[in-house]
Amino acid sequence: MEASMNILRKKSISEMLAQSQQKGLSRSLGAFDLTLLGIGAIIGTGIFVLTGVVAAEHAGPALILSFIISGLACAFAAFCYAEFASTVPIAGSVYTYTYATLGEVFAFLIGWDLMLEYLLATSAVATGWSAYFQSLIAGFGLHLPAALASAPGTGKGGIINLPAVIIILIITTLLSRGIRESARVNNIMVFIKLAVIVLFIVAGIGYVKPDNWSPFMPFGFQGIVAGAATVFFAYIGFDAVATAAEEVKRPQRDLPLGIIWSLAICTVLYIIVSLILTGMVPFAKLNVADPVSFALHYVGQDSIAGLVSVGAITGITTVLLVMLFAQVRISYAMSRDGLLPPVLSKVHERFKTPFKNTWLTGFVAAGIAGFIDLTTLAHLVNMGTLSAFALIAVAVLILRKTHPDLKRSFKAPFVPVLPVLTVIFCLYLMISLPAITWISFVIWISIGLIIYFLYARRTSNLNNK
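Report on the accompanying structure. Owing to the predicted nature of the structure, the values given are computational and were not obtained by experimental measurement.

On to the overall build of the protein. If you tally the helices and strands in the protein, you get 18 helices and zero strands. Computed over its C-alpha atoms, the radius of gyration of the protein comes to 22 Å, within 12% of the 23 Å expected for a compact globule of 465 residues. Considering only C-alpha atoms, the protein reaches an extent of 70 × 50 × 40 Å along its principal axes. Taking all 465 residues of the protein together, the buried fraction comes to 58%. Expressed as a percentage of contacts within the protein between residues at least 6 apart in sequence, the contacts between residues at least 24 apart total 83%.

What follows is the structure in structure tokens.
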């Protein structure tokens, strides 16, 4: 009984709030920066790649409904994130919230889970960036040697995916130098990709043919739901905003604004782009890797299509930046609590960043992207995200019960209905994932349990108290 209580010990809310006031990371972000951080994470492969595949294989012109359904589901989770982030503005996101509500062992496992999610997401997105980059330079007649163009095992004769490695190391350098500098670069790149998306909307709207929207639901409602399950992952990223809690000037006010505004803006853009895309090109022809550029080529706007390719590379770069940032902040919070080695929470005196942690994470992510074919691991990112969304909803319910008088700058509406719906939706999507994903997930969590019981439980700050 004592052992079970030991692993379920909780970090007190008052202790967390006191910890957030200590000097450490640099507080330099506002609501505007957080909104652009969220947009930087969300708008990437979702809008530049997934739109075409989902339209062609699942939803047809009803792709717009798939995005609306997914947007609503993510909004449920976003409200839960916003409440917790404004109440307990601590680095670590769901890991921290779980530590305060469900106990240490669950917190460690979700943190362990999120570390894998963000690490694999960084490596996978870098692989996508490499493909777009090589496609872009090929337009100028430049080609990388096959040995340097892809990871081993992809069937392309590659030894290392060099562009993927280089872009991760560039992002690592930027993040290690400071959050203010990283935010400035992210803001510039977000404006570029938003400008490109607006350019596509303005250029494409004149080529929309209503006949292309018929039949509107070629695969029926089941196809729309299947499409929603796929494009759900186009929204992954807004949760990374919560990991920046200790680098925000006014976290109680700005975190909810950043989370909700970034999700709302991206949802509107997804809906408009999907509507114009399926209006420009018959949906059956959109099963391509670059549907937005393809649609412009299809209607003869080749020069604008080239600009969209540049915007796609920029968009994917911002996703890389935010994913790597979030991974470092999760492991930083866990290290500070004594659950991971202390070197991961050392803050650089000059740059005010977890310098060694950032570089260690960058080297690991670059190694994965450079030498491993990520196709079989991609679904693990989805599993990690869905687990986090479900736990944040449970945590909100528990905190409402255990700390009813706690000051909340933002309160999620329709509690307990909204958190319960979040859990149900996430569990439904998790069940729909392939069996190999569940097997891989169980193996990873089992490794986490071994590390917790052999190391983290003994070195935990709560244990040492």
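Structure's up, so let's keep going.
Right, let's get into the pattern of salt bridges. Tallied over the full model, the rule gives eight salt bridges. The closest approach of N and O atoms between Arg 408 and Glu 83, which form a salt bridge, is 3.1 Å. Note that Arg 408 is positioned in the loop between helix H15 (378-402) and helix H16 (417-431) and Glu 83 in helix H5 (residues 63-87), a separation of 325 residues in sequence. Because the salt bridges share partners, they merge into one network encompassing Glu 83, Arg 400 and Arg 408.

This brings us to the packing of H5 against helix H10 (residues 220-231). Each pair of packed helices can be summarised by the angle the axes make with each other and by the distance between the axes. Between H5 and H10, whose axes approach to 8 Å, the crossing angle comes to 55°. Considered as vectors, H5 and H10 are oriented oblique to each other. For the pair H5 and H10, the crossing hand works out as right-handed. In contact with Leu 63, Leu 65, Ser 66, Phe 67, Ile 69 and Ser 70 of H5, H10 contributes Ile 224, Gly 227, Ala 228 and Val 231. Taken together, the residues of the contact of H5 with H10 break down into seven nonpolar, three polar and no charged.

Before going further, it helps to spend a moment on the side chain of Arg 336. Its place among the elements puts Arg 336 in helix H13 (residues 302-336). A relative accessible area of 19% means that Arg 336 is categorised as buried. Within the structure, Arg 336 has its side chain in polar contact with the side chain of Glu 246 (distance 2.5 Å).

What follows is about H16. A rise of 1.5 Å per residue sets the reference length of H16, with its 15 residues, at 21 Å; its end C-alpha atoms lie 21 Å apart and thus fit the reference within 8%. If you check which residues of H16 are buried, you get Leu 418, Pro 419, Thr 422, Val 423, Cys 426, Leu 429 and Met 430. Burial along H16 is one-sided: seen end-on, the buried residues are contained in an arc of 140°. Projecting away from the buried face of H16 at angles above 90 degrees are the exposed residues Val 417, Ile 424, Tyr 428 and Ile 431.

Note on placement: Val 241 falls in the loop between H10 and helix H11 (251-280). With a relative accessible area of 1%, Val 241 lands in the buried category. Ignoring sequence-local partners within four residues, the contact set of Val 241 consists of Leu 34, Gly 38, Leu 255, Gly 258 and Ile 259.

Here we take up the packing of helix H8 (residues 162-177) against H13. Packing of H8 against H13 leaves a shortest axis separation of 10 Å and a crossing angle of 60°. Between H8 and H13, the angle falls in the class oblique. Where H8 crosses over H13, the two elements pack in a sense that is right-handed. The segment H8 lies against H13, with Ile 167, Ile 168, Ile 171, Thr 172, Leu 174 and Leu 175 engaging Thr 317, Leu 320, Leu 321, Leu 324 and Phe 325. Partitioned by chemical class, the residues of the contact of H8 with H13 number nine nonpolar, two polar and no charged.

Turning our eyes to something else, we now look at the packing of aromatic side chains. Evaluation of the coordinates by the stated rule reveals 16 aromatic pairs. A ring pair is formed by Phe 79 and Phe 410, whose centres lie 6.1 Å apart and whose planes are at 5°; its orientation type is stacked. A residue pair is termed long-range when its members are at least 10 positions apart, and Phe 79 in helix H5 and Phe 410 in the loop between H15 and H16 qualify at 331 residues. Judged by relative accessible area, Phe 79 falls into the partly exposed class, the value being 25%. Each ring, one from Tyr 81 and one from Phe 389, has its centre 5.9 Å from the other, and the planes form 80°; the classification is edge-to-face. With Tyr 81 in helix H5 and Phe 389 in helix H15, this residue pair connects regions lying 308 residues apart in the sequence. For Phe 389, a relative accessible area of 1% corresponds to the buried category. Following the ring pairs from residue to residue traces out a cluster consisting of Phe 108, Trp 112, Trp 444, Tyr 452 and Phe 453.

To continue, consider the environment of Lys 249. Assignment of secondary structure puts Lys 249 in the loop between H10 and H11. For the pair Lys 249 and Tyr 298, spaced 49 residues apart in sequence, the C-alpha separation works out to 47 Å.

Ile 43, Phe 48, Tyr 81, Phe 108, Phe 200 and Phe 238 are the most contacted members of the largest nonpolar core, which totals 149 residues. Excluding its chain neighbours within four sequence positions, the residues that come into contact with Phe 108 are Tyr 95, Met 334, Leu 339, Leu 340, Gly 448, Ile 451, Tyr 452 and Ala 456.

This next bit is on unusual backbone geometry. With an omega of 0°, the peptide bond running from Ser 214 to Pro 215 counts as cis. Looking at where Pro 215 falls in the secondary structure, it is placed in the loop between helix H9 (179-204) and H10. Following Val 415, the chain continues into Pro 416 via a peptide bond in cis, with omega recorded as 15°. As for its placement among the helices and strands, Pro 416 is situated in the loop between H15 and H16. The phi dihedral of Lys 352 falls on the positive side, at around 60°, and the residue is not glycine. Note on placement: Lys 352 falls in the loop between H13 and helix H14 (355-371). By relative accessible area, Lys 352 is classed as partly exposed at 36%. Positive phi outside glycine occurs at Phe 414, with the angle close to 55°. Note on placement: Phe 414 falls in the loop between H15 and H16. Residue Phe 414 is classed as exposed on the basis of its relative accessible area, which comes to 68%.

The rules behind these values
- Residues numbered from 1 in each chain as written.
- Predicted model: local features only at pLDDT ≥ 70, side-chain atom pairs only at ≥ 80, totals over all residues.
- Heavy atoms only, no water.
- Helix = DSSP H or I, 4+ residues; strand = E, 2+ residues; numbered from the N terminus.
- Rg over C-alpha atoms; globule rule 2.2 N^0.38 Å.
- Buried < 20%, exposed > 50% of the residue type's maximum accessible area, 1.4 Å probe, protein only.
- Contact = heavy atoms within 4.5 Å.
- Salt bridge = Lys/Arg side-chain N within 4 Å of Asp/Glu carboxyl O.
- Axes fitted to C-alpha atoms, helices over the stretch in contact; angles between N-to-C directions.
- Parallel < 35°, antiparallel > 145°, perpendicular 65-115°, else oblique.
- Left-handed = near helix turned anticlockwise from the far one by under 90°.
- Nonpolar A, V, L, I, M, F, W, Y, C, P; charged D, E, K, R; others polar.
- Polar contact = N/O pair within 3.5 Å; in protein donor to acceptor, adjacent residues only side chain to side chain.
- Expected span 1.5 Å × (residues − 1).
- Arc of directions from axis to C-beta.
- Phe/Tyr/Trp six-rings, centres within 6.5 Å; stacked < 30°, edge-to-face > 60°.
- Core = buried A, V, L, I, M, F, W, Y, C linked by side-chain atoms within 4.5 Å.

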